[in-house]
Amino acid sequence: LGRYLRRTGAGQFFQRIRVDLCELHTDRRSLEGAIAEVAERFGMQWRVAYPEQQKRVALFVSKYDHCLYDLLLRHRAGELRCEIPLIISNHPNLEPVARHFGIAWHCLPVTRETKADQEQAILALLASAGVDLVVLARYMQILTPRIVGALPGQIINIHHSFLPSFKGANPYKQAFERGVKLIGATSHYVTADLDEGPIIEQDTVRVTHAQSPSDYVSLGRDVESQVLSRAIHAHMHRRVFLNGDKTVVFPASPGEYASERMG
């Protein structure tokens, strides 16, 4: 099953092909060699991934638990086929959640003076666990270029606003003060520029003048959780193509979610 997108005026063509290998009459090495030959002939960039190559995901959290619970429940239900070897936090509050789901917990408090040491410890933990995707599930710390540079295109964040509106801290308060009628959430890849990374997924919910900033926070929790899980699913299934400061995100193939639940 193939899907493609042509970027008008840029001379670029993106294609994603999902193949059933049940009746493959050659070995994978030969298959990839044939693809490489065609790609070289036409100057194409390509990659091949197999379903058994599951991502190893590290979850970063602070004190908010809604995104963490949502991801762990989806993982347990089989909606997110990956391995989650560890959870890292700068606060101890959510350790009981990690214990409940049987996942290793690492609390690494951080101050301005200890940030370099904390990030060194983070990089060591990620390396030892073989992590190839980091998810910031409401991790309320800004990652320095040191970590971002070590994991390019492998860190996904959830920001509680419809970017590019209301970047930085307290976006719900900013939205309330501007009297918006829609609030939203954005999941994006992390870059060295705060809340500027390529956007993967977004959604919104309607609000009114009768609601308070705390109402915005409550309404936003569900949107944040759903947007983040959809972005992670797209990344893990190689449906996201980086295109400069933007992304090309292909829709899920028929049966893609159902096949994960069936395992």
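This write-up is about the structure you can find in this document.

Conventions and cut-offs
- Note on numbering: residues in each chain are counted from 1, in written sequence order.
- At least 70 in pLDDT is required for a residue's local features to be given in this predicted model, at least 80 for side-chain atom pairs to be given and counted, and no such filter applies to totals for whole chains, interfaces and linings, which use all residues.
- As a rule here, side-chain values cover all heavy atoms of the structure and leave hydrogens and water aside.
- Under the scheme used here, helices are H or I runs from DSSP no shorter than 4 residues and strands are E runs no shorter than 2 residues, and both carry numbers assigned from the N terminus.
- Note on method: radius of gyration uses C-alpha positions; expected globular size equals 2.2 Å times residues raised to 0.38.
- Burial classes: relative accessible area under 20% of the type maximum marks a residue as buried, over 50% as exposed, and values in between as partly exposed (1.4 Å probe, protein chains only).
- It only takes one pair of heavy atoms within 4.5 Å for two residues to be counted as in contact.
- Per-residue accessibility takes into account occlusion by the displayed protein chains alone, with areas from the Shrake-Rupley method and a 1.4 Å probe.
- Every axis corresponds to a line fitted to the C-alpha atoms, with the helix fit spanning only the stretch in contact, and the corresponding angles, defined between N-to-C directions, vary from 0 to 180 degrees.
- Roughly parallel refers to an angle under 35 degrees, roughly antiparallel to one over 145, roughly perpendicular to one between 65 and 115, and oblique to any angle outside these ranges.
- Rotating anticlockwise by less than a right angle from the far helix to the near helix defines a left-handed crossing, while the corresponding clockwise rotation defines a right-handed one.

### Things to note about the overall build of the chain
The secondary structure content of the chain amounts to eight helices and eleven strands. The C-alpha atoms of the chain give 20 Å as radius of gyration, which agrees with the globular expectation for 263 residues (18 Å, within 12%). For the chain, the spread of C-alpha atoms along the three principal axes comes to 60 × 40 × 35 Å. Looking at the chain as a whole, 40% of its 263 residues are labelled buried. If you take every contact in the chain between residues at least 6 apart in sequence, the share linking residues at least 24 apart comes to 62%. Summing over all exposed atoms, the chain offers an accessible surface of approximately 14,600 Å²; the carbon and sulfur share of this is 52%.

### Some thoughts on the packing of helix α6 (residues 171-178) against helix α7 (residues 213-236)
Contact geometry of α6 with α7 gives a least axis separation of 9 Å together with a crossing angle of 125°. Looking at the two axes, α6 sits oblique to α7. For the crossing formed where α6 meets α7, the hand is right-handed. Each of Tyr-172, Ala-175 and Phe-176 in α6 lies in contact with α7, whose residues at this interface are Pro-213, Tyr-216, Val-217, Gly-220, Arg-221 and Glu-224.

### Description of the environment of Val-19
Here Val-19 lies in the loop between β2 (12-17) and α1 (28-42). Of the residues examined, Val-19 reaches a relative accessible area of 56% and is grouped as exposed. Spatially, the C-alpha atoms of Val-19 and Arg-178 are 48 Å apart, while their sequence positions differ by 159 residues.

None of this, on its own, says anything about what the molecule does.
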